[in-house]
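Coordinate analysis (summary)
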Amino acid sequence: MITLDVNGNQLVADVADDTPLLWVLRDALKLTGTKFGCGMAQCGACTVQIDGAATRSCTLLVSAAAGRKITTIEHVATDEVGKAVQDAWIAESVAQCGYCQSGQIMSATALLQQNRTPSNAQIDAAMTGNICRCGTYVRIRAAIHRAAAALA
Amino acid sequence: MKNLIRISPGDTRIINPASTGGVNRRDLLKGAGLTLAVVSTGSLLGACSDTPDAQATLVPNQYLRIGPDSKITLISPNTEVGQGAYTGLATLLAEELDADWSQIVIEGAPADVKLYGNPAFGGAMQGTGGSTTIKAYWEPMRKAGASARAMLIGAAAARWDVPAAEITISKGVVSHAGSGRSTIFGELVGDASKLDVPTEVKLKDPQDFVLIGRDTPRVDAREKSSGTALFTQDVQLPDMLVAVVVLPPRFGATVKKFDAAAARAMPNVVNVVQFKGTMREGVAVLATDTWSAKKARDAVKVEWDETNAFVMGSDAIFAQYKALAEKPGLEVRKEGDAAAALANGRRFDATYQFPFLAHAAMEPMNCVVQIRADGCEVWNAEQFHTGDQGVIANMLGLAPEQVKINMLYSGGSFGRRGNAFSDYLADTTAIARADGSGRPVKMVWMREDDMRGGFYRPAYLHALSASVDKDGRISAWQQRIVGQSIIEGTPLAAPGAAFDTSSVEGAHNMPYEIPNLQVELHTTKLGVPILWWRAVGSTHTAYAVEAFIDEIARGTNQDPVELRRSLLARHPRHLAVLNLAAEKASWSTELPKGTARGVALHESFDSVVAEIVEVSQKGNGFKVDRVVCVVDCGIAVNPNIVAMQMESGIVYGLTAVATGLISLQDGRVKESNFHDHPVLRINQMPKVEVHIVPSANPPTGVGEPGTPPIGPAVANAIAQLTGKTVQVLPFSSSDVTIV
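Residues numbered from 1 in each chain as written. Chains lettered and ligands numbered in written order. Predicted model: local features only at pLDDT ≥ 70, side-chain atom pairs only at ≥ 80, totals over all residues.

Across its full length, chain B carries 20 helices and 30 strands. Since a compact globule built from 739 residues should have a radius of gyration of about 27 Å, the 27 Å found for chain B is in line with a globular shape. In terms of its C-alpha atoms, chain B occupies a principal-axis envelope of roughly 80 × 75 × 50 Å. Burial status across chain B gives 57% buried among its 739 residues. Here the analysis covers contacts within chain B between residues at least 6 apart in sequence; of these, 77% occur between residues at least 24 apart. (Helix = DSSP H or I, 4+ residues; strand = E, 2+ residues; numbered from the N terminus. Rg over C-alpha atoms; globule rule 2.2 N^0.38 Å. Buried ≥ 20, exposed ≤ 12 C-beta atoms within 10 Å, placed from the backbone. Contact = placed C-beta atoms within 7 Å.)

Here it is, written out as structure tokens:
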């Protein structure tokens, strides 16, 4: 049994300590907005925030996440920045298949929480860990700038 | 793209592609002059409940129903893989219905070829592919909307006792100006459902369009920006088991024996089974959760029989292909006498080599199957309903209609989920059958399984020769194409066809006018499972043709755009696209030293696309700075989605030429995951500008045509800088790096 602080709730999961956080979120806690893409922190589909930092949950053991504040896509819009990012994503028509977008939004939110006026280079640096095979990168940049403007 | 899309804050549309109910066909087809159908809806969990008041639901045809709450449910025959099919179809329907955009919800259609056969496939198959959705439903979906509109107007005319011709509908509000009366759809559906469905309806004059050609918000934007869109990966059912599999190390290997003692002893493991689908054998671990299944899968030891396994490596395959290219192949196009004409003038030769390519969709393949006493239920990002339903029914000894398919969102596909052999669905079915518990089974491929599971874009080799006369005109062109056929040997093969056009499309129909022109094909057979991959034959033919044209232009000191123009006199549509691209890209202006432009033009899926890129040298690598894309796709139903698909195709095609590679060593696939199979990332992303040629012609394909030109355009720009065209793809195999 392990207790996790997920989206402001204390949740108990009956899982082995070596289970990656991703599978605890998806299978045990039924928070399926966070996606599986590669299992080796290469694609970013599984990105969540741990204490505010964008983190790949597919390689983070659940034992290492205990006692830390975990935020997932399901909760991100309760934050001012997360809401602005989500709205910008819709306004810019970013999503195509949509499978990677939870991770993209979590990374973008973490970026804007730390830097309200990111340059294109800073956006690229923060978002490089998130692959999109539909190729929505142009709109991701535009949406981050839009969210930044909305937050200004 | 700024300010194109607005969604009102009160937008509470719920899209539920998982709903499985839709129209009950038996009821729908009850009698001619049908007035009412009984409708049932189902949730993802299979719990069924009837619509509260079936009497108050208008179901004029199989594509929609309008409820007493004025909600319009569009039943989409085609799948949403990211290409915008749901939004496009909704635009067609809402346009002729004069509905308000917020009224529309989408539901995935059940597998039923009689009702939902794709008109672009002659109605013979229900499936999504070939960039056909908008082209296929351009008329049927508008007629479906117009029929419903006529019935609503009929009901209002009767109720208000006014002439139908005096009634108007705008944004979901039905009005009669003369009497000042107005109402909404939900108030009329009861009466409307008692009227005959009109046999003929008049469609709008294009100048009256209020949605088509404008930018409606994507119907799936909110779900896909909030983690609530439902993919196969997300399906959770009571008592569901998760299966993770051991796949063969080589294509064609079979299971000799396996030792699962350690796996069975691991926590949450319920069963370990051997399975045989339509295309492969393997061993599956079934557990109550994914990670337990994955860990136990890693502990299974399988001994394989590789007697009939495919053991060639990529080098040997290409050596064989090169030898074949030395010999004449099957003539698929012949004009004049290319062989004779090649003997005169200045000769050019080039051989281009294209590797196997994985689709590598973000969502690795997966599928949920539950076998019950009375049939089978499937949850899948369903791209080929008719084929999958038939394959599964055949495996289980069922009638096709006993296989119920729930169509979910697809986390990309690029062709992978539309497979004549239903490979991964058949595997899942075989696993569920071998398990035998009747519990639902979700088979989940790890990324490595997806990368090494086969069904690649086939490897191809093109050998080209041309001769140029003293005036710089291309007098002869010979192109020999060597590779596997995607369609031969599948149930989709056209009976009696001399050759598979998908092997040569884009080459045997190239628009350039050359007096002596010959295209030949060698169709090879290899034990590597292959499949269509975004833009199919054009993924290699566009590169071969467009790179070779540029090699000739460079070798004869001709401007690449001018040379193409001179060969397109009889193709005004191509010429217009090329000219607009040259204008938008300022083709004839100077660029700074170390920067060059490249152009490519290609027709696929009845659309013509030109792309002009700017590439700059950055250290030892090359940066694609800018892409100007011009597309003629007929009427652009959703210009924003057309732009999205061009952007998407450009990234997909650029990834393929830069680093896309599946290589075989003694039959084993070397690549496994995104660390050794890199794909384009945001830091490599160029600026993209999309321009749509205004057109009054019916819509043509959009999902795929953006992909073919980008590779040769970038190769041609790099060649301007280096003097060399990359001939062995991807660029990374030729020591050319895209940064």
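Next up on the list: the overall build of chain A. For chain A, the helix and strand inventory stands at six helices and five strands. Across chain A, helices and strands are ordered from the amino to the carboxyl terminus as β-β-α-β-β-α-β-α-α-α-α. In terms of C-alpha radius of gyration, chain A reaches 15 Å, essentially the compact-globule figure of 15 Å for 152 residues. In terms of its C-alpha atoms, chain A occupies a principal-axis envelope of roughly 45 × 30 × 20 Å. Burial statistics for chain A: of 152 residues in total, 62% are counted as buried. Taking the contacts inside chain A whose residues are at least 6 apart along the sequence as the reference set, 62% of them involve residues at least 24 apart.

The subject of this paragraph is the sheet that holds strand 1 (residues 2-6) of chain A. All names here are of chain A. With mixed pairing, five strands are arranged side by side in an open sheet as 2-1-5-3-4. One side of each edge strand has no neighbouring strand; the edge strands of this open sheet are strand 2 (9-13) and strand 4 (53-56). Strand after strand, the sheet turns through a mean of 45° between neighbouring axes, direction not considered. (Pairing = 2+ DSSP bridges. Axes fitted to C-alpha atoms, helices over the stretch in contact; angles between N-to-C directions.)

This part is about helix 20 (residues 710-722) of chain B. Given 3.6 residues to a turn, an α-helix orients residues that are three or four positions apart in the same direction. All names here are of chain B. In a regular helix each residue adds 1.5 Å, so 13 residues correspond to 18 Å; helix 20 covers 18 Å between its end C-alpha atoms and thus fits that length. Burial analysis of helix 20 places ten of its 13 residues in the buried class, which makes it a mostly covered element. Regarding helix 20, the residues found buried are Ile710, Gly711, Pro712, Ala713, Val714, Ala715, Asn716, Ala717, Ile718 and Ala719. Turning to helix 20, the residues buried within the fold contact helix 16 (538-555), helix 17 (560-566), strand 24 (595-604), strand 25 (607-618), strand 26 (621-632) and helix 19 (639-659). (Expected span 1.5 Å × (residues − 1).)

All names here are of chain B. Contact geometry for helix 12 (residues 385-396) and helix 13 (residues 423-435): axes closest at 10 Å, N-to-C directions at 30°. Judged by the inter-axis angle, helix 12 sits roughly parallel to helix 13. In this structure, helix 12 crosses over helix 13, and the sense of that crossing is right-handed. Together, Asp388, Val391, Ile392, Met395 and Leu396 of helix 12 and Leu425, Ala426, Thr429, Ala430 and Arg433 of helix 13 make up the contact between the two elements. Tallied by class, residues from the contact of helix 12 with helix 13 come to seven nonpolar, one polar and two charged. (Parallel < 35°, antiparallel > 145°, perpendicular 65-115°, else oblique. Left-handed = near helix turned anticlockwise from the far one by under 90°. Nonpolar A, V, L, I, M, F, W, Y, C, P; charged D, E, K, R; others polar.)

Under the 1.5 Å per step criterion, the end-to-end length of helix 3 (residues 80-91) of chain A is 16 Å for twelve residues, consistent within 8% with the ideal 16 Å. The buried fraction of helix 3 of chain A is high, at nine of twelve residues. Among the residues making up helix 3 of chain A, those that are buried are Val81, Gly82, Ala84, Val85, Gln86, Ala88, Trp89, Ile90 and Ala91 of chain A. In the core, the buried residues of helix 3 of chain A are packed alongside helix 4 (101-114) and helix 6 (137-151) of chain A together with helix 7 (221-224) of chain B. Backbone geometry just downstream of helix 3 of chain A places Ser93 of chain A in the positive-phi region, at approximately 50°.

With that out of the way, let us pick up the pairing of strand 13 (residues 281-287) of chain B. Residues and elements named next belong to chain B. Burial of strand 13 is extensive: seven of the seven residues sit out of reach of the surface. Covered by surrounding structure in strand 13 are Glu281, Val283, Val285 and Ala287 together with Gly282, Ala284 and Leu286, the residues of both alternating faces. Two strands pair when backbone bridges link them, and strand 10 (residues 241-246) and strand 13 are joined in this way by five bridges, in the antiparallel orientation. Looking across to strand 13, one finds that Ala243 is bridged to Leu286. As paired strands, strand 12 (residues 269-276) and strand 13 are joined by seven bridges and run antiparallel to one another. Considered in strand 13, the bridge of Val269 is made with Ala287. Between the end of strand 12 and the start of strand 13, which pair antiparallel, lie four residues.

Much of the literature gives interface size as the accessible area that the parts lose upon coming together. Between chain B and chain A, the residue contacts involve 51 residues of the former and 47 residues of the latter. Breaking the side of chain B that touches chain A down by element, the ones donating at least two residues are helix 7, helix 9 (290-298) and helix 19 of chain B. The dominant element in the side of chain B that touches chain A, judged by the number of residues it contributes, is helix 19 of chain B, at seven residues. Counted by class, the side of chain B that touches chain A contains 24 nonpolar, 16 polar and eleven charged residues.

Residues and elements named next belong to chain B. Here four strands make up an open sheet; going across it, the order is 3-4-5-6 and the pairing mixed. Two strands in the sheet have a free side with no partner beyond their single neighbour: strand 3 (58-61) and strand 6 (104-108). Across the sheet, the mean angle from the axis of one strand to that of its neighbour is 25°, orientation sign disregarded. Pairing of strand 5 (residues 72-76) with strand 6 involves five bridges; the strand directions are parallel.

Another point: unusual backbone geometry. Cis peptide bonds are those with omega within 30 degrees of zero, and the linkage from Leu729 of chain B to Pro730 of chain B qualifies with 0°. Tracing the chain through its elements places Pro730 of chain B in the loop between helix 20 and strand 30 (737-738). Not every positive phi belongs to a glycine, and Lys30 of chain A is a case in point at roughly 60°. Along the polypeptide, Lys30 of chain A turns up in the loop between helix 1 (21-28) and strand 3 (47-50).

Turning next to the confidence of the model for chain B. Residues and elements named next belong to chain B. Chain-level pLDDT for chain B is 93 on average; 93% of the residues reach the 70-or-more range. Note on residues 1-54: pLDDT under 50 across the span, and 103 contacts to partners over four residues away in sequence or across chains. Scoring of the predicted complex yields 0.93 for pTM and 0.98 for ipTM. (pLDDT = per-residue confidence, 0-100.)

Residue and element names in this part refer to chain B. Summarising the element assignment, Asp559 is placed in the loop between helix 16 and helix 17. Judged by the 14 C-beta atoms lying within 10 Å of it, Asp559 falls in the partly exposed class. Residues Asp559 and Ser588, 29 residues apart in the sequence, show an inter-C-alpha distance of 9.4 Å.

With that settled, the discussion passes to the environment of Asp208 of chain B. With respect to the element layout, Asp208 of chain B can be found in the loop between helix 6 (185-192) and helix 7. Given 10 C-beta atoms within a 10 Å radius, Asp208 of chain B is considered exposed.

On to the nonpolar core, then. The biggest cluster of nonpolar side chains holds 281 residues, and the ones touching the most others in it are Leu93, Ala243, Val285 and Val714 of chain B. Take this core: its biggest share by element is twelve residues, from helix 19 of chain B. (Core = buried A, V, L, I, M, F, W, Y, C linked by C-beta atoms within 7 Å.)

On to the packing of helix 5 (residues 140-160) of chain B against helix 6 of chain B. Residues and elements named next belong to chain B. For the pair helix 5 and helix 6, the least separation of the axes is 8 Å and the interaxial angle reads 85°. As summarised for this structure, helix 5 and helix 6 are arranged roughly perpendicular, according to the angle between their axes. Side by side, helix 5 and helix 6 meet where Met151, Leu152, Gly154, Ala155, Ala156, Ala158 and Arg159 of the first sit next to Phe185, Leu188, Asp191 and Ala192 of the second. In terms of residue class, the contact of helix 5 with helix 6 is made up of eight nonpolar, one polar and two charged.

Moving on, we come to the environment of Ser76 of chain B. Residue and element names in this part refer to chain B. Locating Ser76 in the fold gives a position in strand 5. Each C-alpha atom of the pair Ser76 and Tyr116 lies 8.6 Å from the other, and the pair is 40 residues apart in sequence. If we ignore the near neighbours within four places in the chain, the residues touching Ser76 are Ala85, Tyr86, Leu89, Ile106, Glu107, Gly108 and Ala109.

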